[in-house]
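Chain residues, written in single-letter form:
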Amino acid sequence: MRAAIRNLAAVACVGALLTACSSGNGTTPDATQSGSASADPNEKVTLTVATFNEFGYEELFEEYMADNPNVTIEARKAATSNEARDNMNTRLAAGSGLADIEAIEIDWLTELMQYPDKFVDLADSELDGRWLEWKSAAVTTEDGKVIGYGTDIGPEAICYRADLFEKAGFPTDREEVADLLEGDWDTYFNVGKDFVAKSGGVAWFDSASATFQGMVNQVENPFENSDGTPIPLSENDEIKAIYDDIATAATDDNLSAGLAQWSEDWTNAFQTDKFATMLCPGWMLGVIEGNAQGVEGWDIANVFPGGGGNWGGSYLTVPEQGANHEQAKKLAAWLTAPEQQIKAFQAKGTFPSQVEALEDPALLDQTNAFFNDAPTGQILAERAKAIEVAPFKGPNYFALAQLVTDALNRLDVEGTDDAAGSWDKALEAYNALGLS
Amino acid sequence: MNQQLTRSQRLSRLDVKASPYLYISPFFILFFIVGLFPLVYTAWVSVHDWHLIGGQGEMVGLTNYIDVLQQPNFFKALRNTFSIFLLSSVPQVLAAIVIAYLLDTNLRAKTFWRMGVLLPYVVAPVAVSLIFAKIFADQSGLVNAVLEILGTSPIGWHADPFAAHVAIATMVNFRWTGYNALIFLAAMQAIPREIYEAAIIDGANRWRTFFSVTVPMLRPTIIFVVITSTIGGLQIFDEPRMFDTLGQGGADRQWMTLTMYIYELGWGAQKSFGRAAAVSWLLFLIIIAVGVINFLITRSIASSSSGKAGR
Amino acid sequence: MSTQMSTPMIEQLAGKGAARAARRKLHGVDKRPGWLTYGALAAVVLISFYPIWFTILLASSNAGEIARNPIPSLIPAGEFLTNVTRVIESDIKFWTALANSIIVSTVTAISVVFFSTLAGYSFAKLRFRGSNGLLVFVIATMAVPTQLSIVPLFILMSELDWVGKLQAVIVPGMVTAFGVFWMTQYLREALPFELIEAARVDGASMIRTFWSVAMPAARPAAAMLALFTFVGSWTNFFWPFIILGSANPTLPVALQLLQASYFKDYSLIMAGVVVATLPLVILFAVAGRQLVAGIMQGAVKG
C-alpha cells in the first residue's frame, strides 16, 4: 500500500517537475490591480495585445517599446478570425483571461455591442474625426460610449479579367470598364448578361452569396429595425427584392459560376477561367494573386455598383477584464493613428480606415504589379470615400443574413432547390429561430 | 478459527478490501474535478436562458429542450448523425477485424505493416481536409473526374445529403480503421496459440479458424470496439466540419451532425448557450440508449456464433 | 503439452540456424502468410500512406506551383528543405512548441497508461462491491459531448491560475475513461486468475501483485494505449489553443499560425505538417516492436 502511494507520488512529482520547468512562459494578468487611472504612467507594465491574421504590428510594437521603456508588449495571435472569436467568446463567458487589447472584427460587433459594459469606454474628443464616419459609428453606442478604435477596412472595387473581356469584345482599359459598370446593381447584371452571351461559357461572377453580401451592405435596415427588433422575413420586401434580383441573375441569366468562396472548387476556378469579375476588397487582392498564379489579365476598375461597399475590417478594443486600462487605451490610440496604420499597411497591406491616412502618398502611390500595375491604393481610397450607407446590424443580423445566404447557396452552389423553394425554406428557418 | 488476527493479517485484509477502491480512485478524483463540474454546469445552463457572452438569464426549466425538439435542424442533425455513424462504424469494424487478422500472421517486417495501418491516425486535420477536398470537390474533384472519364454523371458531394455522408464516412473510416485494427490485433495476440494449433490439427482452414476460433474469442473486444465506436461515432465533429470551409454542415444542413449543431447553437450566430446545453444532454441520452442497444445486439450475435462453433 | 515449439522459442533456445530450419518445415500457426495477405496489406498501407505522401509532395513544392496544378505530380519537387527551414524560422515559437508537445504528450501517455492499468486491473480481476456499476459509470462518461465544456473548464483553470500553463493541458487528460475501459477488458482476457493466485499465495501484497503480474501481462495493450494516448495528445488542437494560445503553444497551435493570412501557402503549411508528424513516425518504429506478445505464450503454458 505504501509502495502504491510512493509510486503515485513519484509520477505526480515527475509530472509537476516537468511542467514547472516549462511553464515559465505563460503569464497571467495581474488580477490585483483593478485597472484604473491611479497608475503612475512611468510604472513598469506589461500589455498583452491579441490579434489575428496579419495586422502588421510587429515593428510597431518594437517602436512603441523603444519610445516607452516602461512598457513591455506581449503579442498573442490566432491564425484566423474564427479562432480568435472562439477564444474571445470563451474568455468573455468565463469572465477572465482576455488580453489588455483585443482585436475584433466588424462582424463580431453585432453581439459585442449588446454588452458594452464588457469593454472600456474609449471615447476621446481628441480623436474625433480620425476615422471614416461609418467606421466609428459602428462602435459607438447610443449613449456615446466608444468600445473600439478602427484599424483597417475592406473597401471594394471590381476586379476583372481583361483578357476574358477582350475575347468577348468588351473594353479592357480600367477606366473604360469603370464607365461601363458605373451605376447600380442592375447595370452590373445587365452588362453581365451581355458578357455571358458573348463569352462562350465564362460566367460573370463567382458566387451569388458573395455578390448578395455586397448588395445587402448598401441597405440601411436590411434585417432589423433601428430599435433592434427583427423584420420578419416574410414581410421583408426589400430583401426579398434583392434576393429575387440576384437569384434571377445567378441562375436564370447564368451570371454565376456557382462556387462557394474559399472552397476547393473556387480556388481551382481561378486557373480554369470560370468567371470574369468579382467584388474585390483590398485584402482579396493577395488571395487572387495567390490563386491565379500564372494567369495574366487580372485588373481592377475604380467602380462599384451602387457607389461603394465595405467587406470586413477590424477594431482594437480594451476589455473591462484587463488590468491596465489607461496604458492599454494609450497604446490602442497610438496603434490606430494614421501614421502607424500606414506603416502597418506597408508591412501587411491592411487598408487604413483613418481619414488622414487615405490622403497619405504612401497609400495613394501604391500600385500592384499583378493587377496590371493598377494604382490600387488610390482606387480603393476613392471607393472607401464613396461608401454612403452603413447597414444597421443588430443582435440578430447574422442569424438572419445566414438564412438568405443559405437560401442562395442552396440555389446557386448546391442546386438542391429553385429560387422559390429555397426562399420558402428560408421562411421556415426564420420561424424556427423563434424571434418574433 | 476464532484466533485474533495478527496485525499483519489485519493490514493484509485492509489491503485487499481497500486496494480496489484506491486503484480506481485516480480516475474518479480527476473526473470529479474536470469532468463532473462541466457536466453539472452544462445541466445548470440548459435550464436557463443563457447567452454565451451575456451570461445567465432567468430559469426557464425545460423550455430549451422543448424549443430544440421543435427545430427542423435538430432532426436533420439527428438524421445526418445516424447516417454517417452507420456508414462509418459498420464497414470500419468489419474491415478492422479482417486487417487485424491479416496482421496477426507471421509476417516479415511486422512492425512496418502494423504501424503502416496506423498512419492515417496521425495525419493532421489540415492535410486531411485538403486532400479529401481535392478528392470530393463537386466540380474539380478527383472522384468526379474519374466518373466523367467512365461516362457517368458527377455526384454532388456537397449537395446531396447521402453523398455527403458517404464522403464524410470515408474520411472517418480512413482515420479510424487502422486504430481499431490494432485494438483487435492486441486482443488477438492474447489468444493462446494452442487453440489455433488444435484447430489446424482438426483440419480447419484459415477461414474456418477465423470464424470458429478468432471471432468467438474476440467477443469482449468486439463489444468494446462496438461501444467505443458508437460513442465516438455519434459525436463526430471534426470530419464533417472540415468537409467545407464554412463548417456549418451545408446550406441545407445536409451533413451537420448533432455535435456541430451544439457548436452552432452555442458559439454561432445565436450564441444560445442554454439551447446548446439542452442538445448536449439530449445527445448524451441518445448515445447511452444506442450504446446499450448495440451492446445487447453484439452480445447476442457474438454468443450465438460461438454457440454454433461448438466444441 | 504440444511438442511443437514456436519459431521464436526455437530461436531463443537453439539459435537462428535452428529457427531457420524449423521455419522451412513450417506449418500451423507459424506458417508464413501467402501473397494474398501481403497484397491486401500492401493495398491498405498504400492507402494509409497516400495522404502523407501527398503532404510531402506539397511541402516540397511552392505556392505558385500548387496554384497552377491542383493535384501535383507524383514526385517531390525539391524545395522541401527550404520550406521546412521557413517553418522553423517563422515567428511561431517552434522550438518552445516542440518541447511543450514532447512534455505534454509524454507525461500524459505515461500517466494514462499507469492509472488505466491500475483501474483496469481492479475492475477486471478484483472483486469489490459496486465494481459493475462503477465500470458502467466510467463508460458512460465517454458519452458526454465536449463542445460546451470548454467554458466551465476554462473557468476552473482560471480559478487554479493555470491559464497559459502546461498543467492545464496535462491534468485534464491524466486518466481517461477509454484507457480504463480498454485495460479492463484486455486484462479480463489476458491475465489468468492462476497467475494472480500464485503471487498471492507467495505472500505478495496487492500492489506487488499488480506490479509483478498485471503490468507484464498488460504490456501489449499498455503499449497500444501509450501510443494512442501520445498521438491523441500530440495532435490535440482546440483545448491547447484556448488555454495556452500562441504565448506558450504546443506544436499544433504553433503550426496553425502558418495559416495566418488570407492566402494560404500550402507548401509552408504542409511542411509544418510533415515536421509535426515526423516525431510520431519515429515513435511508431520504436513502440511498434512492443506490440508482440507471442513469446510469453508458450513459456507460460509449458
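These numbers come from a predicted model, not from an experiment.

### Points about the overall build of chain A
- Counting secondary structure elements, chain A contains 18 helices and 8 strands.
- Computed over the C-alpha atoms, the radius of gyration of chain A is 25 Å, within 12% of the 22 Å expected from 2.2 N^0.38 for a compact globule of 436 residues.
- In terms of overall dimensions, chain A has C-alpha extents of about 80 × 60 × 50 Å along its principal axes.
- Relative to its full complement of 436 residues, chain A shows a buried share of 50%.

### Quick look at the overall build of chain C
- Tallying secondary structure elements over chain C gives 16 helices and 0 strands in all.
- A burial count over chain C gives 51% of its 302 residues as buried.
- Taking as baseline every contact in chain C between residues at least 6 positions apart, the subset at least 24 positions apart corresponds to 74%.

### A look at the nonpolar core
- Ranked by size, the top nonpolar core spans 307 residues in total, and within it Ile 101, Ala 157 and Ile 158 of chain A, Val 279 of chain B together with Leu 187 and Leu 225 of chain C carry the most contacts.
- By residue number, the principal contributor to this core is helix α7 (residues 161-189) of chain B, which donates 16 residues.
- Those residues in contact with Leu 225 of chain C that sit more than four places away from it in its chain are Val 112, Val 113, Ser 116, Gly 179, Trp 182 and Met 183 of chain C.

### A short note on helix α17 (residues 397-414) of chain A
All names here are of chain A.
- Its 18 residues place the ends of α17 24 Å apart at the C-alpha level, agreeing with the 26 Å of an ideal helix rising 1.5 Å per residue.
- Burial analysis of α17 places 17 of its 18 residues in the buried class, which makes it a mostly covered element.
- Downstream of α17 by a residue or two, Gly 415 has a phi angle that is positive, lying close to 65°.

### Looking at the pairing of strand β1 (residues 48-51) of chain B
Residue and element names in this part refer to chain B.
- Bridge analysis of β1 against strand β2 (residues 55-59) gives 3 bridges, and the strand direction is antiparallel. Paired with Trp 50 across the two strands is Gln 56, which belongs to β2.
- As consecutive antiparallel partners, β1 and β2 are separated by 3 residues.

### What about the domain arrangement of chain A?
Residue and element names in this part refer to chain A.
- As far as domains go, chain A holds domain 1 (45-153 + 312-364) and domain 2 (154-310 + 388-433).
- Between domain 1 and domain 2, the contact holds 13 residues from the first and 13 residues from the second.
- Per-element tally for the side of domain 1 that touches domain 2: the top contributor is helix α4 (residues 109-112), with 3 residues.
- For the side of domain 1 that touches domain 2, a count of residues per class yields 6 nonpolar, 5 polar and 2 charged.

### Side note on helix α6 (residues 131-141) of chain C
- Where α6 of chain C is concerned, the buried positions are Leu 134, Leu 135, Val 138, Ile 139 and Thr 141 of chain C. Relative to the axis of α6 of chain C, the buried residues are bounded by an arc of 160° and lie together on one face. Opposite the packed face of α6 of chain C, turned more than 90 degrees from it, sit the exposed residues Asn 132, Gly 133 and Val 136 of chain C.
- For α6 of chain C, the secondary structure elements touched by its buried residues are α1 (7-46) and α10 (219-233) of chain B together with α5 (94-125) and α9 (177-190) of chain C.

### Examining the interface of chain C and chain B
- Contacts between the two partners involve 82 residues from chain C and, on the opposite side, 78 residues from chain B.
- When residues of the side of chain C that touches chain B are traced back to their parent elements, those giving at least two are α2 (35-59), α5, α6, α7 (150-159), α9, α12 (219-234), α15 (266-288) and α16 (295-301) of chain C.
- In terms of residue count, α2 of chain C provides more of the side of chain C that touches chain B than any other element does, 11 residues in total.

### A word on the packing of helix α5 (residues 125-136) of chain B against α2 of chain C
- Across the interface, α5 of chain B lies against α2 of chain C with an axial gap of 10 Å and an inter-helix angle of 95°. Viewed along their axes, α5 of chain B and α2 of chain C adopt a mutual orientation that is roughly perpendicular. Of the residues in α2 of chain C, those in contact with Ala 127, Val 128 and Ile 131 of chain B of α5 of chain B are Pro 51, Phe 54 and Thr 55 of chain C.
- Here the contact of α5 of chain B with α2 of chain C is built from residues that sort into 5 nonpolar, 1 polar and no charged.

### Details of the interface of chain A and chain C
- Tallying the contact residues gives 36 residues for chain A and 40 residues for chain C.
- Those elements that provide at least two residues to the side of chain A that touches chain C are α1 (2-22), β2 (71-78), α3 (81-94) and α12 (284-291) of chain A.
- If you tally residues by element for the side of chain A that touches chain C, the top one is α1 of chain A, at 7 residues.
- Tallied by class, the residues present in the side of chain A that touches chain C amount to 10 nonpolar, 21 polar and 5 charged.

### Things to note about the pairing of strand β3 (residues 101-105) of chain A
Residues and elements named next belong to chain A.
- With 4 of 5 residues buried, β3 is to be regarded as a mostly interior element.
- Both β3 and strand β8 (residues 310-317) contribute to a ladder of 4 bridges, which runs antiparallel. Paired with Glu 105 across the strands is Ser 314, a residue of β8.

### Here we look at the confidence of the model for chain C
All names here are of chain C.
- When pLDDT is averaged along chain C, the result is 85, and 88% of the positions lie at 70 or above.
- This model gives residues 293-302 a pLDDT under 50, and the stretch forms 16 contacts once residues within four places in sequence are excluded.
- On the interface metric, ipTM, the complex scores 0.88, and its pTM is 0.87.

### Here's the deal with the environment of Ala 247 of chain A
All names here are of chain A.
- Relative to the elements of secondary structure, Ala 247 occurs in helix α10 (residues 237-252).
- Distance from Ala 247 to Ser 209, taken between C-alpha atoms, is 9.5 Å for residues 38 residues apart in sequence.
- Beyond its immediate sequence surroundings of up to four residues, Ala 247 is in contact with Leu 408, Leu 411 and Ala 419.

### A word on unusual backbone geometry
- Residue Asn 254 of chain A is not a glycine yet carries a positive backbone phi of 60°.
- Mapped onto the secondary structure, Asn 254 of chain A falls in the loop between α10 and α11 (264-269).
- Classification of Asn 254 of chain A by C-beta neighbours within 10 Å gives partly exposed; the count is 16.
- With a phi angle near 55°, Arg 253 of chain B is a residue other than glycine that sits in the positive phi range.

### Structural notes on the confidence of the model for chain A
- Summary statistics for chain A give a mean pLDDT of 88 and a share of 90% for residues scoring 70 or more.
- The low-confidence segment residues 1-38 of chain A, where pLDDT is below 50, has 50 contacts with residues more than four positions distant or belonging to other chains.

Conventions used here
- Residues numbered from 1 in each chain as written.
- Chains lettered and ligands numbered in written order.
- Predicted model: local features only at pLDDT ≥ 70, side-chain atom pairs only at ≥ 80, totals over all residues.
- Helix = DSSP H or I, 4+ residues; strand = E, 2+ residues; numbered from the N terminus.
- Rg over C-alpha atoms; globule rule 2.2 N^0.38 Å.
- Buried ≥ 20, exposed ≤ 12 C-beta atoms within 10 Å, placed from the backbone.
- Contact = placed C-beta atoms within 7 Å.
- Core = buried A, V, L, I, M, F, W, Y, C linked by C-beta atoms within 7 Å.
- Expected span 1.5 Å × (residues − 1).
- Pairing = 2+ DSSP bridges.
- Domains from an automatic or database assignment.
- Nonpolar A, V, L, I, M, F, W, Y, C, P; charged D, E, K, R; others polar.
- Arc of directions from axis to C-beta.
- Axes fitted to C-alpha atoms, helices over the stretch in contact; angles between N-to-C directions.
- Parallel < 35°, antiparallel > 145°, perpendicular 65-115°, else oblique.
- pLDDT = per-residue confidence, 0-100.

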